[in-house]
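Residues per chain are reported as follows:
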Amino acid sequence: MAATATVSTRARVNQRRETTSTRTLISGVALNRPRGKIIYRVVLTLVIVVFTLVFIGPMYFLFTDALKSTQEVIATPPTLYPHSFDPGNFSTAWSRLDVGRMLWNTAYYAFGALALQLVFDVAAAYSLSKLRPVLGNVVLFLMLATLMIPVTVLVVPQYVTVADMPLFHWNLIGSPEAIWLPSVANAFNIFLLKRFFDSIPADYVDAASVDGASRLMILWRIILPMSRPIIAVVSIFSLVAVWKDFLWPLLVEYGYTPTRETLNVGIWQAQVGVPENLLIAASAMAAVPTIAFFLIFQRNIMAGLTAGGIRG
Amino acid sequence: MANVLTSVARSAAAPPAARRRRPASLLPRVRRNAAAWAFLIGAVLCFSFFSWYPIVREVIMSFQKPVYGGGYTWAGWSNYIRIFHDPTFWQAWRNTLEFTVLALVLGYAVPFVVAIVLNELRHAQGYLRTLVYLPVMLPPASALLLFVYFYNPQYGLFDDVLHFLHLPVSQWVFQPGTGFVSTAMLSVVIASTWMNMGSATLIYLAALQNIPGELYEAAELEGAGLFRRIRHVTIPQTRLILILLLMLQVVATMQMFIESFVLTNGGGGVGDNTLSVVMLIYQYAFAMSGASNYNSASALGVVLLLVLAVFSGGFLWATRERG
């Protein structure tokens, strides 16, 4: 599967190279001159070396320092590779910081939020795009207007609201719902999904309803199978958003009880009182799932960044 | 049922004239709307509770004060007056502006230059793209902790490098001093740029790949050199994305929180020299044990909201398409 995927990307890239005139800032002719070739080689090598140092370098230390002893980690000058090779650091850090629990918490919050977002945001976008209820446009406008409100600004009233839900008087602090439910109020998801659903011709929906399909069936059997690319983009971004969030889980979960902390928060609070090498080992373990996720879904992530819209 | 559905589907797509000719009767219309709202209601409730209501509530809370024994009462402008008299308030704004300006110099220009260079390379582009975006995927606490360790004045890697080069060593994030370009804030910006530049780079790269090659061809035939081609082709062709990302970046950097929070372990640096506005909101609301006050935090939130709204509005007005 993976192999076919890479083959097909490569084929696509080659195809694009052939079909479009790949003229960029510097022409191919200039690059083919002897002097151009030399300059290009030098720049290419330089860029590769500098980028590898700048972006892989810190991560190299993240994983090698995790293998060093406490004394070696804080030694000056630093050692370039672990002299005291100690993989036991990982298991010590795992049990001492309870990385497994933090990992489970984070995954639980992230996938729960993803499930709720997919159910409610897809249903809402479908309704706004294809069913078009009265006041639908007002609702859409109000939803999109929240894109203009910076998230961190609302942290206090949101916290107060979650601590005492209006009408119901539930206190959600410390429960996973405190992360799940607010994540549904994501105007960017609604925008992406609705725009994609709008591009599906009404004929498909009409034909299905002539055949007696219910609205739910139309969504499930027709709209969703056609919308896989956008569902992938929305899913990836919503997972990453919850996984990377810091302030909100710090307030509503860690603030309630430290055992509910996410990876991000747990790593931060372990800064005090945990030896450097164990902290770095825990930090490295926290980074592994996201790095793996990125390497697997790289193509979708990059496509989402550029095609799905712009969000820094 | 199928009949109703087809008429619904048709009336949704039909032009108004057709709809007027055959008015749907009341019952199907009610049914159609009820069904549509059933799909919509979950998201609407979540938006109401966690987005729309908090926006209104923030403004209300900023004009209230807590009453002994529970509840709130009106307080007029007293929360605003109090935060305006807090010296930390002005310090936090100054720091936030410093961060925003430095982040513009580094975090805005660097990704664009990097994207231009990457777009010219015929080899290893995929590898380099992956590299630039990799830090964006790290959990921010992991990435920043790495910098905590690099910046450490006793055994940090950066000081070792400076020492090796016979340059004066630095306290980095914990360097005292609040000059407009303070070492402490510069350290925060470096970590932040490393962490975040990937997404901007990839967005620019996509924009660069959409520039028609003929434009460069024509410019070269007219005798335009490399820098004039960048100035007169690349920048005008990517103008829209440059403007949009500039605005989004300023709005994002004005809300800086985690970078300074993790690097200084929640402290805000020596003499609060890296304390940001959002960190101050956090401190007002949650960190001052005993005297925690949501109301002054809300007032500060409203001020930040107004500043960002005025900035975005003014920016969009100033860069609107003329003619």
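Residues numbered from 1 in each chain as written. Chains lettered and ligands numbered in written order. Predicted model: local features only at pLDDT ≥ 70, side-chain atom pairs only at ≥ 80, totals over all residues.

## A short note on the overall build of chain B
Helix and strand content of chain B: 15 helices and 2 strands. In terms of its C-alpha atoms, chain B occupies a principal-axis envelope of roughly 85 × 75 × 40 Å. Sorting the 323 residues of chain B into buried and exposed places 38% on the buried side. (Helix = DSSP H or I, 4+ residues; strand = E, 2+ residues; numbered from the N terminus. Buried ≥ 20, exposed ≤ 12 C-beta atoms within 10 Å, placed from the backbone.)

## Focus: the nonpolar core
Core analysis: the biggest nonpolar cluster contains 152 residues, and A:Ala282, B:Leu144 and B:Ile281 have the highest contact counts within it. In this structure B:Ile281 touches A:Val155, A:Val156, B:Ala297, B:Leu300 and B:Gly301, once residues within four positions along its chain are discounted. (Core = buried A, V, L, I, M, F, W, Y, C linked by C-beta atoms within 7 Å. Contact = placed C-beta atoms within 7 Å.)

## Observations concerning the interface of chain A and chain B
Every contact between the two is made by 87 residues of chain A and, on the other side, 88 residues of chain B. Among the elements that make up the side of chain A that touches chain B, the one with the highest residue count is helix 16 (residues 276–306) of chain A (13 residues). Along the lines of polarity and charge, the residues of the side of chain A that touches chain B split into 60 nonpolar, 20 polar and 7 charged. (Nonpolar A, V, L, I, M, F, W, Y, C, P; charged D, E, K, R; others polar.)

## With respect to the environment of B:Arg82
Residue placement: B:Arg82 occurs in helix 4 (residues 78–84). When the 17 C-beta atoms within 10 Å are taken as the criterion, B:Arg82 is described as partly exposed.

## Digging into the packing of helix 6 (residues 99–131) of chain A against helix 13 (residues 228–244) of chain A
All names here are of chain A. As a packed pair, helix 6 and helix 13 sit with axes 9 Å apart at the nearest point and diverge in direction by 140 degrees. The chirality of how helix 6 crosses helix 13 is right-handed. Every residue of helix 13 that contacts helix 6 at Thr 106, Tyr 109, Ala 110, Ala 113, Leu 114, Gln 117 and Leu 118 is listed here: Ser 235, Ser 238, Leu 239, Val 242 and Trp 243. Across the contact of helix 6 with helix 13, the residue classes tally to 8 nonpolar, 4 polar and no charged. (Axes fitted to C-alpha atoms, helices over the stretch in contact; angles between N-to-C directions. Left-handed = near helix turned anticlockwise from the far one by under 90°.)

## Quick notes on the confidence of the model for chain B
All names here are of chain B. For chain B, the mean per-residue pLDDT works out to 84, and 90% of the residues sit at or above 70. When mean pLDDT is taken per element in chain B, helix 3 (residues 26–62) scores highest with 92 and helix 1 (residues 2–13) scores lowest with 40. Contacts from residues 1–19, a stretch scored under 50 in pLDDT, to residues over four places away or in other chains number 22 contacts. (pLDDT = per-residue confidence, 0-100.)

## Some words on the domain arrangement of chain A
Residue and element names in this part refer to chain A. Domain parsing of chain A yields domain 1 (27–86) and domain 2 (97–306). Here the C-alpha centroids of domain 1 and domain 2 sit 35 Å apart. Contacts between the two partners involve 9 residues from domain 1 and, on the opposite side, 8 residues from domain 2. Every element with two or more residues in the side of domain 1 that touches domain 2 is listed here: helix 3 (34–64) and helix 4 (70–73). (Domains from an automatic or database assignment.)

## Section: the domain arrangement of chain B
All names here are of chain B. The assigned domain composition of chain B is domain 1 (2–62) and domain 2 (81–318). Just the C-alpha atoms count here: the centres of domain 1 and domain 2 sit 41 Å apart. If you look at the interface, domain 1 gives 4 residues, while domain 2 gives 6 residues. Residues belonging to the side of domain 1 that touches domain 2 are distributed by class as follows: 2 nonpolar, 1 polar and 1 charged.

## A short note on the packing of helix 6 of chain A against helix 10 (residues 187–198) of chain A
All names here are of chain A. For the pair helix 6 and helix 10, the least separation of the axes is 8 Å and the interaxial angle reads 45 degrees. Taken together, helix 6 and helix 10 sit at an angle that is classed as oblique. Read as a crossing pair, helix 6 and helix 10 show a hand that is right-handed. Contacts from Gln 117, Asp 121, Val 122, Ala 124, Ala 125, Tyr 126, Leu 128, Ser 129 and Lys 130 in helix 6 reach Asn 189, Ile 190, Leu 193, Lys 194, Phe 197 and Asp 198 in helix 10. When the residues that make up the contact of helix 6 with helix 10 are grouped by side-chain class, the tally is 8 nonpolar, 3 polar and 4 charged. (Parallel < 35°, antiparallel > 145°, perpendicular 65-115°, else oblique.)

## Concerning helix 15 (residues 294–318) of chain B
The terminal C-alpha atoms of helix 15 of chain B, which comprises 25 residues, lie 36 Å apart, in line with the 36 Å expected from a rise of 1.5 Å per residue. When helix 15 of chain B is considered as a whole, its buried residues turn out to be B:Tyr294, B:Asn295, B:Ser296, B:Ala297, B:Ser298, B:Ala299, B:Leu300, B:Gly301 and B:Leu304. As for helix 15 of chain B, its buried residues are in contact with helix 8 (155–163) of chain A together with helix 3, strand 1 (64–66), helix 4 and helix 14 (277–287) of chain B. (Expected span 1.5 Å × (residues − 1).)

## Quick look at the environment of A:Val184
One can find A:Val184 in helix 9 (residues 177–184). Under the C-beta neighbour-count criterion, A:Val184 is labelled buried, with 25 such atoms within 10 Å. Put simply, A:Val184 and A:Gly255 are 71 residues apart on the chain and 22 Å apart in space, counted from C-alpha to C-alpha. If near-sequence neighbours (up to four positions away) are discounted, A:Val184 is found in contact with A:Leu116, A:Gln117, A:Phe120, A:Asp121, B:Ala43 and B:Cys46.

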